[in-house]
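Observations on chain architecture
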Amino acid sequence: MSKAVELADVITQLRSELSRAMAAGDDDEIRFQAEKLELELTVGVERSLEPGVKVRFWVLDAQSSARAAHMTTQRITLTLQPVRGDAPDSPVLISGAELPDEA
C-alpha cells in the first residue's frame, strides 16, 4: 500500500492544517466558524497478525483502491466537531489566504 495513508495520519494532518489556518487568521477581519467537518473517504481494512495490531484503516486514492483487491474496501463518512483544546466551549474560527479568483 505504497500510496495509502493510515486514517490516523489523515486526521492528524487535518488537525494540523486547521490549526495552521486558525493561527493565520488570528488578525483577519473575516473568519469562519467551523461547526462540523465532513470527510468522505475510501478506506481499506487490513487485518494484521502482528501482536497488538489487529485492524488498520488505510485511506486510499482512486488508483490504489482499484489495486487493493486483497483488502476489504469501504466508503466512510466522518463528521468531526472541532473544539479548541484550551477553550472547548469557544467556537473554532478558521481563516486562510484569499484565492486569486475570490474578490
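Preceding this section is the structure that the text describes.
Here the structure is a predicted model, which means the values were calculated and not measured.

Quick look at the overall build of the protein chain now. A count of helices and strands for the protein chain gives two helices and six strands. Out of the 103 residues in the protein chain, the part that is buried amounts to 23%. Taking the contacts inside the protein chain whose residues are at least 6 apart along the sequence as the reference set, 72% of them involve residues at least 24 apart.

For the rest of this paragraph, the subject is the sheet that holds strand E5 (residues 72–80). Taken together, four strands build an open sheet; the order of strands is E1-E4-E3-E5 and the sheet is antiparallel. Each edge of the open sheet carries a strand with a single partner, namely strand E1 (5–6) and E5. With six bridges connecting them, strand E3 (residues 37–47) and strand E4 (residues 55–60) associate as antiparallel partners. Bridge pairing links Glu46 to Arg56 in E4.

Time to look at the nonpolar core. Leu18, Ala21, Met22, Ala34, Leu37, Val92 and Ile94 form the largest nonpolar core, which has seven residues in total. With three residues, helix H1 (residues 7–24) is the largest single contributor of residues to this core. In contact with Ala34, not counting residues within four places along its chain, are Pro82, Val92 and Ile94. Among the nonpolar cores identified, the runner-up in size contains five residues, and Leu7, Leu41, Val43 and Val59 belong to it.

Reading the values: the criteria
Residues numbered from 1 in each chain as written. Predicted model: local features only at pLDDT ≥ 70, side-chain atom pairs only at ≥ 80, totals over all residues. Heavy atoms only, no water. Helix = DSSP H or I, 4+ residues; strand = E, 2+ residues; numbered from the N terminus. Buried < 20%, exposed > 50% of the residue type's maximum accessible area, 1.4 Å probe, protein only. Contact = heavy atoms within 4.5 Å. Pairing = 2+ DSSP bridges. Core = buried A, V, L, I, M, F, W, Y, C linked by side-chain atoms within 4.5 Å.

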